[in-house]
Amino acid sequence: MKTLIIYTHPTHESLSYAFLQKTIEGIGENPNSGEMQVLDLYAEGFNPLLVFNENKRRRDMHKDPELERYREQLLWADRIVMIYPIWWGRPPAMLLGYIDQLFASNFAYRDTGGLLAEGLLKGKTAVCISVMKGPAFYPLYWLNNAHKVLMRKALFRWVGIKKVKFFEFGGMEKKNGRQAEKLNKVQRYFRTARA
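Anyway, here's the lowdown on the structure attached to this text. (Residues numbered from 1 in each chain as written. Predicted model: local features only at pLDDT ≥ 70, side-chain atom pairs only at ≥ 80, totals over all residues. Heavy atoms only, no water.)

## Description of helix α4 (residues 93-102)
Part 1: Where burial is concerned, most of α4 is hidden: seven out of the 10 residues are buried.
Part 2: Contacts from the buried residues of α4 go to β1 (3-7), β2 (36-40), α2 (41-44), α3 (68-76), β3 (79-85) and α6 (146-157). (Buried < 20%, exposed > 50% of the residue type's maximum accessible area, 1.4 Å probe, protein only. Helix = DSSP H or I, 4+ residues; strand = E, 2+ residues; numbered from the N terminus. Contact = heavy atoms within 4.5 Å.)

Take a look at the structure:
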């Protein structure tokens with residue numbers, strides 16, 4: 001199994017980075033895991049801004065030469081792991097900019113003329129690992145589970161990825177937030193995961 005990890009946090013001094021390290025460790029300890037690539041969007045200097053003009057049209061985004069390497073990573077991967085904080089009830093703008101540009105029509109999905117698109121990334125799996133300052137119940141009860149709906153239905157299901165696992169941890173800035181326990185939970189998952 002080939003795993004692409006997309007890490008989205010501006011620093012390596014964060015709890016998100018600790019989850020990245022535990023993910024890498026767990027995959028490394030799993031005899032069923034194969035190759036792994038890590039894409040650190042901030043360290044990479046990824047430009048999240050969409051630009052459309054007379055030279056750069058939205059309908060051509062699926063063949064933008066500046067994004068070719070990133071498209072190749074997504075095609076290469078059997079499993080896509082996204083690690084990010086929840087800010088204002090959603091992933092960071094950097095990750096959303098990556099999604100806007102990479103999960104493009106005629107690459108990640110194809111319009112069918114009907115209500116639903118044809119997902120072109122079928123057969124892949126996804127794991128979302130997110131942390132937030134607020135309590136764990138906040139997204140479910142206050143935001144109607146907007147984060148999970150966005151990632152599961154509006155993104156992954158649309159492009160054909162049906163198997164999506166979430167680790168959504170709240171209260172992560174508390175002294176008693178059980179951070180070590182949650183880090184170990186993620187490491188154990190990747191140590192034993194088969195897909």
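Now, onward.
## So, the packing of helix α1 (residues 15-29) against helix α7 (residues 179-192)
Part 1: Running from N to C, α1 and α7 cross one another at 30°; their axes reach a closest spacing of 7 Å. As for the relative orientation of α1 and α7, their crossing is right-handed in sense. Contact residues: α1 offers L15, A18, F19, K22, T23, E25, G26, I27 and E29, while α7 offers Q179, K182, L183, N184, V186, Q187, F190 and R191.
Part 2: Residues of the contact of α1 with α7, tallied by class, amount to seven nonpolar, five polar and five charged. (Axes fitted to C-alpha atoms, helices over the stretch in contact; angles between N-to-C directions. Left-handed = near helix turned anticlockwise from the far one by under 90°. Nonpolar A, V, L, I, M, F, W, Y, C, P; charged D, E, K, R; others polar.)

## Some remarks on the pattern of salt bridges
Part 1: Within this structure, the stated rule accounts for nine salt bridges.
Part 2: Put simply, K56 and E66 hold a salt bridge, and the shortest N to O gap is 3.8 Å. Of this pair, K56 sits in the loop between α2 and α3 while E66 sits in the loop between α2 and α3; the two residues are 10 residues apart in sequence, bridging distant segments of the chain.
Part 3: Exposure remark for E66: the relative accessible area of 62% places this residue in the exposed category.
Part 4: With a closest N to O distance of 2.9 Å, R57 and D60 form a salt bridge.
Part 5: For R57, a relative accessible area of 38% corresponds to the partly exposed category.
Part 6: Each of K56, D64 and E66 takes part in one network of salt bridges that share partners. (Salt bridge = Lys/Arg side-chain N within 4 Å of Asp/Glu carboxyl O.)

## A look at the nonpolar core
Part 1: Ranked by size, the top nonpolar core spans 35 residues in total, and within it I6, M82, Y98, F103, M151 and F156 carry the most contacts.
Part 2: Breaking this core down by element, the ones donating at least two residues are β1, α3, β3, α4, β6 (125-131), α6 and β7 (163-169).
Part 3: In terms of residue count, the dominant contributor to this core is α4 (five residues).
Part 4: What Y98 contacts, discounting residues up to four positions off in sequence, is L4, I6, L39, L41, F46, Y70, L74 and F103.
Part 5: Membership of the second largest hydrophobic core comes to 17 residues, among which are F167, V186, Y189 and F190. (Core = buried A, V, L, I, M, F, W, Y, C linked by side-chain atoms within 4.5 Å.)

## Overview of unusual backbone geometry
Part 1: For W88, which is not glycine, the phi torsion reads 55° and is therefore positive.
Part 2: Residue placement: W88 occurs in the loop between β3 and α4.
Part 3: Residue classification places W88 among the exposed residues on the basis of a relative accessible area of 83%.
Part 4: In this structure, N106 is a non-glycine residue whose phi angle is positive, near 75°.
Part 5: Structurally, the position occupied by N106 is in the loop between α4 and β4 (109-110).

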